[in-house]
2 protein chains.
Amino acid sequence: MKIIELKETVTASNDRDAQVLRQELTQKGTLLINLMASPGAGKTTLLERTIRDLKERYAIAVMEADVDSDVDARRVEKLGAKAVQAHTGGMCHMDAGMTRTALEELGEDHFDLVFLENVGNLICPAEFDTGAQKRVMLLSVPEGDDKPLKYPLMFSVSDVLILTKTDVAPYFDFDFEACKQRARKLNPNIAIFEVSSKTGAGFDAWESWLENAIQDTAAKN
Amino acid sequence: MKIIELKETVTASNDRDAQVLRQELTQKGTLLINLMASPGAGKTTLLERTIRDLKERYAIAVMEADVDSDVDARRVEKLGAKAVQAHTGGMCHMDAGMTRTALEELGEDHFDLVFLENVGNLICPAEFDTGAQKRVMLLSVPEGDDKPLKYPLMFSVSDVLILTKTDVAPYFDFDFEACKQRARKLNPNIAIFEVSSKTGAGFDAWESWLENAIQDTAAKN
């Protein structure tokens, strides 16, 4: 597993760089998912189960972005998926240039699906287009159902909201309907799934969405 | 309750501004606590219980910093504490100038204790000295014990680490000893408390620390 040290891309044209990267990825038949959430919302655990379920059918790689450490990349690598760990040099997000650099570290192999596990944070990652075709955000039950009110941009820019850690719902006051309504008010088209990475509940629907997106990308190839 | 819209302070000298603000606060006998954590770690719930327990003995105010919404300030105000809601204009942190502006909105009353509930985020708030005399961070059990590895700066700059939501520990794989060791490796002097804002467990020790800090500040007045 490689650890790469990234610096912020000095470019005023992140949106255009992201657009170019997105087109290149689609031409290669690679679906890039920008996965975003708070620290500890369960991004890596969701990836572990998803990779385990889909790795026989698709070539999958993961780019882990963190301020520090390589614990996430090591976890993913244990499953046999190719992983790179990107250190953001203290920055709270990935941009398109940083994403391109991390993708290059994955090498020449073809991947059907690449996950960018963004820095754990509900603010900065929402502000930067990484070039991913899809943005998926996680909100865990312990975080609370008021988060769409406090971090509206993240909910507005995401294609998918996955409510995680549903197995512990009995121990928290999380109003699923209120949360979904708040998210849909910001983003009427957002797809919402409820999952437990511990029990596997809800993974069928999420993985079915993911497979459709992979096949859509392959069809445009 | 006031809502104020803040802009990033255009100054290269945040550290010096913070130092000046800190001296002014200490001269007034006001302890400012910079409270930092991920989204949903339980900052506001901890404040609610702390204010309820201490409000008869001390004059307490709260400055809520968020990208958007005023849900936290409304919650705090219900307890009878003076509260201002600061909107950071999309920014992921408060700096010393922003903190000064928010403090001015609290008006002329004397406060023994002011909490700055910083933006929910383990990265950016760690990088900016707000002028607070003490930095207190929360890490909730559902977030996981690996967070000191991934967000070392936050653990390094904090005077206090409060492990929250201990009531749900039976439903999560959170290794308290491993977490504390990781935090102390980064910051040997960090004071660590374990609390449940739901049951009140551990609040005696946290509030005792807090009262000592209030009295220290008053003694320097």
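Residues numbered from 1 in each chain as written. Chains lettered and ligands numbered in written order. Predicted model: local features only at pLDDT ≥ 70, side-chain atom pairs only at ≥ 80, totals over all residues.

**Q** Please provide a residue-by-residue account of the overall build of chain A, values included.
**A** In terms of helices and strands, chain A carries 9 helices and 8 strands. The principal-axis extents of the C-alpha atoms in chain A amount to approximately 45 × 40 × 35 Å. Out of the 221 residues belonging to chain A, those deemed buried represent 51%. (Helix = DSSP H or I, 4+ residues; strand = E, 2+ residues; numbered from the N terminus. Buried ≥ 20, exposed ≤ 12 C-beta atoms within 10 Å, placed from the backbone.)

**Q** Describe the interface of chain B and chain A, naming the residues involved and giving the relevant values.
**A** The interface is formed by 28 residues belonging to chain B together with 28 residues belonging to chain A. Looking at the side of chain B that touches chain A, the element that brings in the most residues is helix H6 (residues 147-150) of chain B, giving 3 residues. Residue composition of the side of chain B that touches chain A, grouped by class: 14 nonpolar, 7 polar and 7 charged. (Contact = placed C-beta atoms within 7 Å. Nonpolar A, V, L, I, M, F, W, Y, C, P; charged D, E, K, R; others polar.)

**Q** Let's hear about the sheet that holds strand S7 (residues 160-164) of chain B: which residues, and what values?
**A** All names here are of chain B. Pairing within the open sheet is parallel, and its 8 strands lie in the order S1-S4-S3-S5-S2-S6-S7-S8. Looking at which strands have only one partner, the edges of the open sheet turn out to be strand S1 (2-5) and strand S8 (191-194). When the angles between neighbouring strand axes are averaged without regard to direction, this sheet yields 20°. Relative to strand S5 (residues 113-117), strand S2 (residues 31-36) runs parallel, the two being bridged by 5 bridges. Paired with Ile-33 across the bridge in S5 is Phe-115. (Pairing = 2+ DSSP bridges. Axes fitted to C-alpha atoms, helices over the stretch in contact; angles between N-to-C directions.)

**Q** Which residues make up the nonpolar core, and what values go with them?
**A** Among the nonpolar cores identified, the biggest contains 127 residues, and Leu116(A), Ile162(A), Leu116(B) and Ile162(B) are the most heavily contacted of them. Leaving out residues up to four positions away in the same chain, Ile162(B) has contacts with Leu46(B), Val136(B), Leu138(B), Phe193(B), Val195(B) and Trp206(B). (Core = buried A, V, L, I, M, F, W, Y, C linked by C-beta atoms within 7 Å.)

**Q** Can you tell me about the relation of the copies chain B and chain A, naming the residues and giving the values?
**A** Between the two copies, chain B and chain A, the superposition gives an RMSD of 0.0 Å; the rotation angle is 180° and the shift along the axis is 0.0 Å. Such a combination of turn and shift is consistent with a two-fold rotation axis. Of the residues that chain B buries at the interface, 100% are likewise interface residues in chain A, meaning the two copies contact each other through the same surface. (Least-squares fit on C-alpha atoms with pLDDT ≥ 70 in both.)

**Q** Account for unusual backbone geometry, with residues named and values stated.
**A** Residues and elements named next belong to chain A. Positioned with a positive phi, Ser-69 is a non-glycine residue whose angle comes to about 75°. With respect to the helices, strands and loops of the structure, Ser-69 is situated in the loop between strand S3 (60-66) and helix H3 (71-77). By C-beta crowding, Ser-69 is classed as partly exposed, having 19 other C-beta atoms within 10 Å.

**Q** Go over the pairing of strand S8 (residues 191-194) of chain A, please, and point to the residues and values.
**A** Residues and elements named next belong to chain A. For strand S7 (residues 160-164) and S8, the ladder comprises 4 bridges, and the chain directions are parallel. Paired with Ile-162 across the bridge in S8 is Phe-193. In this fold, S7 hands off to helix H8 (residues 176-186), which returns the chain to S8; that crossover is right-handed. (Right-handed = clockwise from strand over helix to strand, strands pointing away.)

**Q** Can you break down the packing of helix H1 (residues 14-28) of chain B against helix H4 (residues 96-105) of chain B residue by residue, with the values?
**A** Two numbers describe how H1(B) lies on H4(B): the axes approach to 8 Å, and their chain directions differ by 35°. Contact residues: H1(B) offers Asn14(B), Asp17(B), Ala18(B) and Leu21(B), while H4(B) offers Ala96(B), Gly97(B), Thr99(B) and Arg100(B).

**Q** I'd love a proper account of the sheet that holds strand S2 (residues 31-36) of chain A, names of residues and values included.
**A** All names here are of chain A. The 8 strands lie next to each other as S1-S4-S3-S5-S2-S6-S7-S8, forming an open sheet whose pairing is parallel. Each edge of the sheet is formed by a strand with only one pairing partner; in this case those strands are strand S1 (2-5) and S8. Averaged over all pairs of adjacent strands, the angle between strand axes in this sheet comes to 20°, irrespective of strand direction. Alignment of S3 against strand S5 (residues 113-117), held across 5 bridges, turns out to be parallel. Looking across to S5, one finds that Val-62 is bridged to Phe-115. Sitting on the sheet, helix H2 (residues 43-54) touches S2, S3, S5, strand S6 (134-140) and S7, and the angle it makes with S5 is about 170°.

**Q** Any chance you could break down the environment of Ala169(B) for me, citing the residues and the numbers?
**A** Residues and elements named next belong to chain B. Mapped onto the fold, Ala-169 is located in the loop between S7 and helix H8 (176-186). Under the C-beta neighbour-count criterion, Ala-169 is labelled partly exposed, with 15 such atoms within 10 Å. Between the C-alpha atoms of Ala-169 and Arg-52, which are 117 residues apart in sequence, the distance is 25 Å. Beyond its immediate stretch of four places on either side in the chain, Ala-169 contacts Val-141 and Phe-174.

**Q** So what's going on with the environment of Trp209(B)? Which residues, and what values?
**A** All names here are of chain B. Here Trp-209 shows up in helix H9 (residues 203-220). Sequence spacing of Trp-209 and Leu-46 is 163 residues, and the spatial spacing of their C-alpha atoms is 14 Å. Those residues in contact with Trp-209 that lie beyond four places of it in its chain are Val-160 and Ala-191.

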